[in-house]
Structure formats: C-alpha cells, structure tokens
Amino acid sequence: METVSTNRSFGGTQGVYSHASSRTGTRMTFAVYLPDHDKGAKLPVLWYLSGLTCSHANVMEKGEYRELASKLGLVVIAPDTSPRGQDVPDDSAYDMGQGAGFYVDATQEPWSEHFRMRSYIEQELPTLIAEQFPVDMNRQGIFGHSMGGHGALTIALRNPERYRSVSAFAPIVAPSQCPWGKKALGRYLGEHKAAWRDYDACSLVEDGARFPEILVDQGAADDFLEEQLMPQLLVDACAKAEIPLTLNMREGYDHSYFFISTFMNDHLRWHADRL
C-alpha cells in the first residue's frame with residue numbers, strides 16, 4: 001500500500017491510498033478517514049460506495065462527513081467504482097466501463113479480466129484495511145449512492161453476518177428492471193438473467209436474503225426516480241419479506257451531492273447507533 005496524500009481534518013486524518021490489486025489486476029485507489037483515537041483502540045468501519053462516473057474523490061470532497069465521523073469515532077472508507085488504466089476496457093458511454101463497475105464480478109469478455117469489483121470490495125480490500133488500519137471488523141456498516149446504493153444493498157444482503165447496518169441514497173434497487181441495470185448486467189454477466197439476481201436487491205430479497213433493517217433516502221425531484229431507481233419495488237419486496245425499511249422521500253431534492261451532503265449526518269448517526 002502506498003500513501004497518495006494525507007490531510008488533517010476535524011481532528012482526524014483524511015488519507016488517499018493505492019495498492020496493486022490481485023482481484024482487478026490494476027492499481028486501485030481508495031480513501032480512508034481515520035478519526036484521532038486512543039492508542040490501541042479499534043474503531044468501527046463504515047464503507048461508502050459511489051455511483052456512476054464517480055471515484056473515491058466525490059464523497060471525499062463533497063460528502064461533508066468528516067466532522068460528525070470524527071465525533072462519532074467512525075472510520076469512513078471510500079473505494080473506487082471500477083478498475084482504471086490504459087489496459088483496462090472502457091466504453092464511450094458514462095454507464096459502462098471505467099467508473100461504472102456496478103460492483104459485480106464480470107464473466108463476459110472483455111470485462112472479465114479486470115472488472116471484479118464484488119471480490120475486491122467483499123474480500124480483498126477488507127483484508128488490506130484490517131492489516132493497515134486500527135479497525136474493528138466485527139463492527140462494519142455499508143452505504144452508498146445510486147449505483148453505489150445498489151452495491152451497498154446487494155453486498156449487505158449477501159453478507160448479513162458481516163455488516164451490522166446498511167443504508168443508501170437514491171439506490172438502484174432493481175437493476176434487472178431498469179435501463180442502466182439491464183445494459184450493465186447484460187454486458188458484464190451475459191444475457192442469462194438468472195445470473196443477474198445476485199446483483200439485484202429486490203431479487204435477493206425475493207430469493208430469501210434478509211437483513212435486520214434498511215434505511216433509504218430518496219430525492220423526490222430526482223430525474224432518475226421513475227425510470228431508473230423505482231424505490232417502491234424495494235418497499236414492496238421488503239414488506240412481503242417483513243424486512244423493516246425506512247424510505248424517506250425528500251421533497252425538492254435531486255440526485256446530486258447537494259442532496260447527499262444534506263442528509264449525510266442522518267445516515268452517519270443511524271450507522272453509529274448500530275455499530
């Protein structure tokens with residue numbers, strides 16, 4: 001692991017780091033905010049997964065999480081959204097390729113060699129974090145935005161024994177049923193739709209996945225609400241499965257980081273209560 005940068009902020013350290021990933025076959029960059037703490041202490045971990053076109057930098061620069069994370073003693077980790085580099089396949093569209101990994105392990109060429117974000121987030125990066133930082137891996141939460149909200153929900157539903165809390169801002173809750181998801185899952189995983197169900201929160205719930213409770217914030221003025229996000233599908237799936245779901249529809253708010261930063265502290269407190 002190499003240190004790219006460190007900056008003091010709100011009684012803690014915002015760091016950016018890189019390492020050679022065995023899962024993606026590339027160098028991967030990620031951000032870690034580490035509050036000041038007593039010697040020997042191990043702090044709870046909160047993972048933040050970003051959305052389409054984003055990297056670790058978006059939430060780090062616009063998410064406004066550090067002041068409260070420092071007070072609550074939360075380590076906040078923001079990975080990248082995909083592998084990157086000259087030798088990594090890409091697409092001219094914003095919703096495929098670099099910056100659009102959808103947190104899947106791709107099985108189709110040319111994506112399968114590098115686009116292994118599920119394994120990277122679920123296996124490789126947590127091992128590195130546990131080795132390099134003073135964290136308590138028995139106290140982990142996960143949240144994210146849009147494509148990253150999809151990632152957070154699906155990862156938590158697949159690994160309920162690992163995470164104590166999950167939430168999302170404007171998540172893609174049913175990628176199997178929206179244009180973004182159909183395009184990405186079809187090209188990354190192939191047209192056999194049974195393989196998509198592991199990467200669809202609503203399908204996972206329908207197939208028996210369970211989590212103690214879920215928090216979702218959604219902007220009512222989000223341009224992607226009706227066609228891409230469709231939060232009512234998650235409401236219906238969770239109601240049928242008897243999973244407690246809090247869906248906050250925020251009037252006047254859109255899909256941007258103005259929305260996310262407004263309600264970031266609500267999510268930090270919600271996770272801290274459970275961690």
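What counts and how
- Residues numbered from 1 in each chain as written.
- Predicted model: local features only at pLDDT ≥ 70, side-chain atom pairs only at ≥ 80, totals over all residues.
- Heavy atoms only, no water.
- Helix = DSSP H or I, 4+ residues; strand = E, 2+ residues; numbered from the N terminus.
- Rg over C-alpha atoms; globule rule 2.2 N^0.38 Å.
- Buried < 20%, exposed > 50% of the residue type's maximum accessible area, 1.4 Å probe, protein only.
- Contact = heavy atoms within 4.5 Å.
- Areas by Shrake-Rupley, 256 points an atom, 1.4 Å probe, with all protein chains shown as cover.
- Lys, Arg positive; Asp, Glu negative; His and termini not counted.
- Charge placed at Lys NZ, Arg CZ, Asp CG, Glu CD.
- Phe/Tyr/Trp six-rings, centres within 6.5 Å; stacked < 30°, edge-to-face > 60°.
- Lys NZ or Arg CZ within 6 Å of the ring centre and 35° of its normal.
- Pairing = 2+ DSSP bridges.
- Core = buried A, V, L, I, M, F, W, Y, C linked by side-chain atoms within 4.5 Å.
- Expected span 1.5 Å × (residues − 1).

Draft legend 1. Spotlight on the overall build of the chain. Along its length, the chain carries nine helices and nine strands. Taken against the 2.2 N^0.38 rule, which gives 19 Å for 275 residues, the C-alpha radius of gyration of the chain at 17 Å falls within 12% of a compact globule. Expressed as lengths along the three principal axes of its C-alpha atoms, the size of the chain is roughly 50 × 40 × 35 Å. Of all 275 residues assigned to the chain, the portion counted as buried reaches 60%. Partitioning the contacts of the chain with sequence separation of at least 6, the portion at a separation of at least 24 is 72%. Accessible area for the chain stands at about 11200 Å²; split by element, carbon and sulfur atoms hold 45% of it. Separation between the mean location of the 25 positive side-chain charges and that of the 36 negative ones in the chain comes to 5 Å.

Draft legend 2. Broad picture of the packing of aromatic side chains. The full count for this structure, using the stated rule, is 13 aromatic pairs. With centroids separated by 6.3 Å and ring planes inclined at 75 degrees, the aromatic side chains of Tyr33 and Tyr65 adopt a geometry described as edge-to-face. Here the residue Tyr33 occupies a position in strand 3 (residues 27-35), and Tyr65 occupies one in the loop between helix 1 (56-62) and helix 2 (66-72), the gap between them amounting to 32 residues. Residue classification places Tyr33 among the buried positions, given a relative accessible area of 0%. Judged by its relative accessible area of 3%, Tyr65 is buried. Look at Tyr253 and Phe259: their rings are 6.3 Å apart centre to centre, the planes differ by 50 degrees, and that puts the pair in the tilted class. The exposure class of Tyr253 is partly exposed, given its relative accessible area of 29%. Aromatic rings pair up to connect Tyr48, Phe143, Phe169, Tyr253, Phe259 and Phe263 into one cluster. Across the ring face of Tyr65, the terminal group of Arg66 is positioned such that the distance to the ring centre comes to 5.0 Å.

Draft legend 3. Seen up close, the pairing of strand 4 (residues 43-49). Most of strand 4 is tucked away: seven of the seven residues are buried. Here strand 4 pairs with strand 6 (residues 135-145) via six bridges, running parallel. In the sheet register, Val45 faces strand 6, and the bridge partner there is Gln140. Bridge count for strand 4 against strand 5 (residues 75-79) is three bridges, and the pairing is parallel. The residue bridging Trp47 from the neighbouring strand is Ile77, located in strand 5.

Draft legend 4. How the structure looks around the nonpolar core. Formed by 88 residues in total, the largest nonpolar core has its most connected members in Phe30, Phe102, Ile129, Ile142, Tyr188 and Met264. Non-local contacts of Tyr188, meaning those with residues more than four positions away in its chain, are made with Met96, Gly97, Ala100, Gly101, Phe102, Val104, Ala106, Thr107, Gln108, Trp111 and Phe115.

Draft legend 5. The environment of Met137, seen in detail. Assignment of secondary structure puts Met137 in strand 6. For Met137 and Asp222, which are 85 residues apart along the polypeptide, the C-alpha to C-alpha distance reads 35 Å. Setting aside residues up to four positions removed in sequence, Met137 forms contacts with Val45, Trp47, Pro126 and Ala130.

Draft legend 6. Representation of helix 4 (residues 147-158). An ideal rise of 1.5 Å per residue puts 16 Å on twelve residues; helix 4 measures up with 17 Å between its terminal C-alpha atoms. Looking only at helix 4, the buried set comprises Met147, Gly148, Gly149, His150, Gly151, Ala152, Leu153, Thr154, Ile155, Ala156, Leu157 and Arg158.

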